[in-house]
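Letter by letter, the chains look like this.
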Amino acid sequence: SQTIHQWPATLVQPVGSPLSLECTVEGTSNPNLYWYRQAAGRGLQLLFYSVGIGQISSEVPQNLSASRPQDRQFILSSKKLLLSDSGFYLCAWSVWAEHGYTFGSGTRLTVV
Amino acid sequence: GENVEQHPSTLSVQEGDSAVIKCTYSDSASNYFPWYKQELGKRPQLIIDIRSNVGEKKDQRIAVTLNKTAKHFSLHITETQPEDSAVYFCAASPGTASKLTFGTGTRLQVTL
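Right, let's walk through the structure included here.

Analysis parameters
All residue numbers refer to position in the chain's written sequence, counted from 1. All chains are assigned letters beginning at A, and all ligands numbers beginning at 1, according to the order in which they are written. Owing to the predicted nature of the model, reporting of local features is limited to residues with pLDDT of at least 70; listing and counting of side-chain atom pairs is limited to 80 or more, with chain, interface and lining totals taken over all residues. The basis for every side-chain value is the complete set of heavy atoms in the structure, and neither hydrogens nor water enter the calculation. Centre distance within 6.5 Å is the pairing criterion for rings of Phe, Tyr and Trp, where only the six-membered ring of Trp is used; planes under 30 degrees apart are then read as stacked, over 60 as edge-to-face, and the remainder as tilted. Secondary structure elements are taken from DSSP: a helix is a run of H or I of four residues or more, a strand is a run of E of two residues or more, and numbering for both begins at the N terminus. Accessibility here uses a 1.4 Å probe with only protein chains present; expressed as a share of the type maximum, an area under 20% marks a residue as buried, one over 50% as exposed, and anything in between as partly exposed. Defined by distance alone, a disulfide is two cysteine sulfur atoms within 2.5 Å. We call two residues in contact whenever any of their non-hydrogen atoms come within 4.5 Å of each other. Note on pairing: two strands pair once DSSP finds at least 2 bridges between them. Lines fitted to C-alpha atoms define the axes, with helix axes restricted to the stretch in contact, and inter-axis angles between N-to-C directions lie between 0 and 180 degrees.

**Observations regarding the packing of aromatic side chains**
For the coordinates displayed, the defined rule picks out 15 aromatic pairs over all chains. Ring geometry for Tyr 34 of chain A against Tyr 49 of chain A: centres 6.4 Å apart, planes inclined by 25°, an arrangement best described as stacked. One end of the pair, Tyr 34 of chain A, is in strand S4 (residues 32–38); the other, Tyr 49 of chain A, is in strand S5 (residues 45–52), and 15 residues separate them in sequence. A residue is classified by how much of its surface remains accessible, and Tyr 34 of chain A, at 0% relative accessible area, is buried. Taken together, a centroid distance of 5.6 Å and an interplanar angle of 70° make the contact between Trp 35 of chain B and Phe 73 of chain B edge-to-face. You can see Trp 35 of chain B sitting in strand S4 (residues 30–38) and its partner Phe 73 of chain B sitting in strand S8 (residues 72–77), a full 38 residues away along the chain.

**Some points on the state of the cysteines**
Here a disulfide denotes one covalent bond, and it connects the sulfur atoms of two cysteines. Residue and element names in this part refer to chain B. Under the defined criterion, the tally for this structure stands at two disulfides over all chains. Note that Cys 23 is cross-linked by a disulfide to Cys 90, the S-S spacing being 1.9 Å. Across the disulfide from Cys 23 to Cys 90, rotation about the S-S bond amounts to roughly -100°, and the bridge is consequently left-handed. With Cys 23 in strand S3 (residues 19–25) and Cys 90 in strand S9 (residues 86–94), the pair connects residues that are 67 residues apart, well separated along the chain. An identical accessibility class is assigned to Cys 23 and Cys 90; each is buried.

**Thoughts on the environment of Val 112 of chain A**
Mapped onto the secondary structure, Val 112 of chain A falls in the segment after strand S11 (107–111). With residues near it in sequence (within four places) discarded, Val 112 of chain A still touches Val 12, Gln 13, Pro 14, Val 15 and Leu 83 of chain A.

**Comments concerning the sheet that holds strand S3 (residues 19–26) of chain A**
Residue and element names in this part refer to chain A. Read from one edge to the other, the open sheet built from four strands follows the order S1-S3-S8-S7, with strand pairing classed as antiparallel. The open sheet has two free edges, formed respectively by strand S1 (3–7) and strand S7 (64–70), since each of these has just one partner strand. Looking at each pair of strands side by side, their axes are set apart by 15° on average, direction ignored. Here five bridges tie S1 to S3, and the two strands are oriented antiparallel to one another. Within S3, the residue paired with Gln 6 across the bridge is Cys 23.

**Quick notes on the pairing of S8 of chain B**
Residue and element names in this part refer to chain B. In terms of strand pairing, S3 meets S8 through six bridges, oriented antiparallel. Residue pairing for S8: Cys 23 is matched across the bridge by Phe 73. As judged from the six bridges shared by strand S7 (residues 62–67) and S8, these two strands associate in the antiparallel manner. Bridged to Ile 62 within S8 is Ile 77. Turn length for the S7-S8 hairpin, with the two strands adjacent in sequence and antiparallel, is four residues, and the turn residue Lys 71 shows positive phi of about 55°.

Okay, structure coming up:
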């Protein structure tokens, strides 16, 4: 069966520090991968999505970046965090959108 | 691109009553409409979905209806229980594109 792993679960980082969040998927090949951010009490904002290794599409201009170095690995990064980067970050995967997404357990990031 | 609007943003019902959440979409090419439930601090989880070749789908106390002509779809929860309290998101997938566009969410509270 397919599983998705996301870590860390919580993170407190100072303003200006770097960020690296990792997501891996098991049990499937060539998944579509997504990074979403959810501000407190708000909806799901799509940040990046990838349909294959090295293929990254950015939905929102910001100081974040994403990379997909391996088929089932998706990384969200920042060189310098801002206070506004605080939120709940969710990784998700799908084979096709028509089969729905499966979300990871999320990373709660607080920038202080 | 696709735009999904969701109403209401908050909904309070008494235990045992029904709850209805409505969404509209803009892209007539959309053909897949999932609903996700997100409990506090948890990841969103798929609870039901519908494809454009059917008008209604039921799963126990949950049903989803789709009106392609009007481009709207709705989630119906009958005999609500306290454990139904959560945020519900609708979403739409436009044709063969790999992305889901999410609504802004509805916070459902079921009171005793």
